[in-house]
Amino acid sequence: MIGFQDIWLISDTHWDHSRIIEFSSRPFKDADEMNEILIENWNKVVKPNDLIFHLGDVFFCGAQKMKYISDRLNGRKTLIKGNHDKSSNTKYRKLGFEPYNYYVFEELLLSHYPQQITPLRSLYNNTDIIANAHGHVHEQVQGLDKDLHYCVSVENINYTPIHVDQIYSDVAKGVRPYEIK
């Protein structure tokens, strides 16, 4: 993509959601610590001209906190809306996120929910889809087709956005970072 340096993916940050720490056994003492570490990890890898796809469930806070967090995040942000992303598309645009329900990027189908698909041709651009990058399931990846699904929920990617080239490499090798524990 012209104008972008690097492409990154992440999902299920759940910024400011204190209960997600318990639900997903996240290694943070509270939501404030989680927020700061997620922002720090994001900005360590994502540069201002990079493109980042957030695959849903981005915030769990009010408008002021959403703005405070989004203003601190590097990159050109695209949001694939998840089940907890209830704000209007206009609001997400004001926060710097271009919202979609799903997106086809090169050979990846980007969605919040894992899609039950077989390799198919995209109706968008007649491209072979080799994998579905998604979120939603957090660390509960059992039962997903590892040849097709790639879960980028933060718990699976060390709470840091993952580079699209790493996803392509892992898909080609048939490995997932969250299976090598």
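As a starting point, this report considers the structure included with it. None of these values were measured; they are calculated from a predicted model.

### Some words on the overall build of the chain
Counting secondary structure elements, the chain contains five helices and nine strands. When the helices and strands of the chain are placed in sequence order, the string is β-α-α-β-α-β-α-β-β-β-β-β-β-α. Computed over C-alpha atoms, the radius of gyration of the chain comes to 15 Å, within 12% of the 16 Å expected from 2.2 N^0.38 for 181 residues, which places it in the range of a compact globule. Relative to its full complement of 181 residues, the chain shows a buried share of 51%. Across the chain, the fraction of contacts at a sequence separation of at least 24, relative to all contacts at a separation of at least 6, is 60%. Carbon and sulfur atoms form 50% of the exposed surface of the chain, whose accessible area is close to 8900 Å². With 20 positive and 24 negative side-chain charges, the chain shows a separation of 5 Å between the mean positions of the two kinds.

### Observations regarding the sheet that holds strand β9 (residues 162-163)
Strand order in the open sheet formed by five strands is β4-β3-β2-β1-β9, with mixed pairing between adjacent strands. Both outer strands of the open sheet, β4 (97-100) and β9, are each paired with one neighbouring strand and no more. Bridge count between strand β1 (residues 7-10) and β9: two bridges; the pairing is antiparallel. Along β9, the bridge assignment pairs L9 with I162.

### Considering the environment of G174
The residue G174 is located in the segment after α5 (164-173) in this model. Residues G174 and C151 lie 23 residues apart in sequence; the distance between their C-alpha atoms is 13 Å.

### Focus on the packing of helix α2 (residues 31-45) against helix α3 (residues 63-70)
How two helices pack is summed up by the angle between their axes together with the distance between the axes. Between α2 and α3, whose axes approach to 11 Å, the crossing angle comes to 30°. Residues D32, N35, E36 and I39 of α2 form the contact with α3, whose participating residues are K65, Y68 and I69. Here the residues of the contact of α2 with α3 sort into three nonpolar, one polar and three charged.

### Quick notes on the pairing of strand β3 (residues 76-80)
Two faces, one strand: in a regular strand the side chains alternate between the faces of the sheet. A large share of β3 lies buried, amounting to four of its five residues. Judged from the four bridges that link them, strand β2 (residues 51-54) and β3 form a sheet pairing that is parallel. Its bridge partner being in β3, L51 is matched across the sheet by R76. Following the chain from β2 across α3 to the adjacent parallel β3, one finds a crossover that is right-handed. Both β3 and β4 contribute to a ladder of four bridges, which runs parallel. Counted as the bridge partner of I80 is Y100 from β4.

### Some points on the nonpolar core
Formed by 44 residues in total, the largest nonpolar core has its most connected members in L9, W15, F53, F59 and L110. Not counting the four nearest positions on each side in its chain, F59 is found in contact with W15, M66, I69, S70, D85, L95 and F97.

Thresholds, definitions, all that
- Residues numbered from 1 in each chain as written.
- Predicted model: local features only at pLDDT ≥ 70, side-chain atom pairs only at ≥ 80, totals over all residues.
- Heavy atoms only, no water.
- Helix = DSSP H or I, 4+ residues; strand = E, 2+ residues; numbered from the N terminus.
- Rg over C-alpha atoms; globule rule 2.2 N^0.38 Å.
- Buried < 20%, exposed > 50% of the residue type's maximum accessible area, 1.4 Å probe, protein only.
- Contact = heavy atoms within 4.5 Å.
- Areas by Shrake-Rupley, 256 points an atom, 1.4 Å probe, with all protein chains shown as cover.
- Lys, Arg positive; Asp, Glu negative; His and termini not counted.
- Charge placed at Lys NZ, Arg CZ, Asp CG, Glu CD.
- Pairing = 2+ DSSP bridges.
- Axes fitted to C-alpha atoms, helices over the stretch in contact; angles between N-to-C directions.
- Nonpolar A, V, L, I, M, F, W, Y, C, P; charged D, E, K, R; others polar.
- Right-handed = clockwise from strand over helix to strand, strands pointing away.
- Core = buried A, V, L, I, M, F, W, Y, C linked by side-chain atoms within 4.5 Å.

Taken by themselves, the reported measurements are silent on function.
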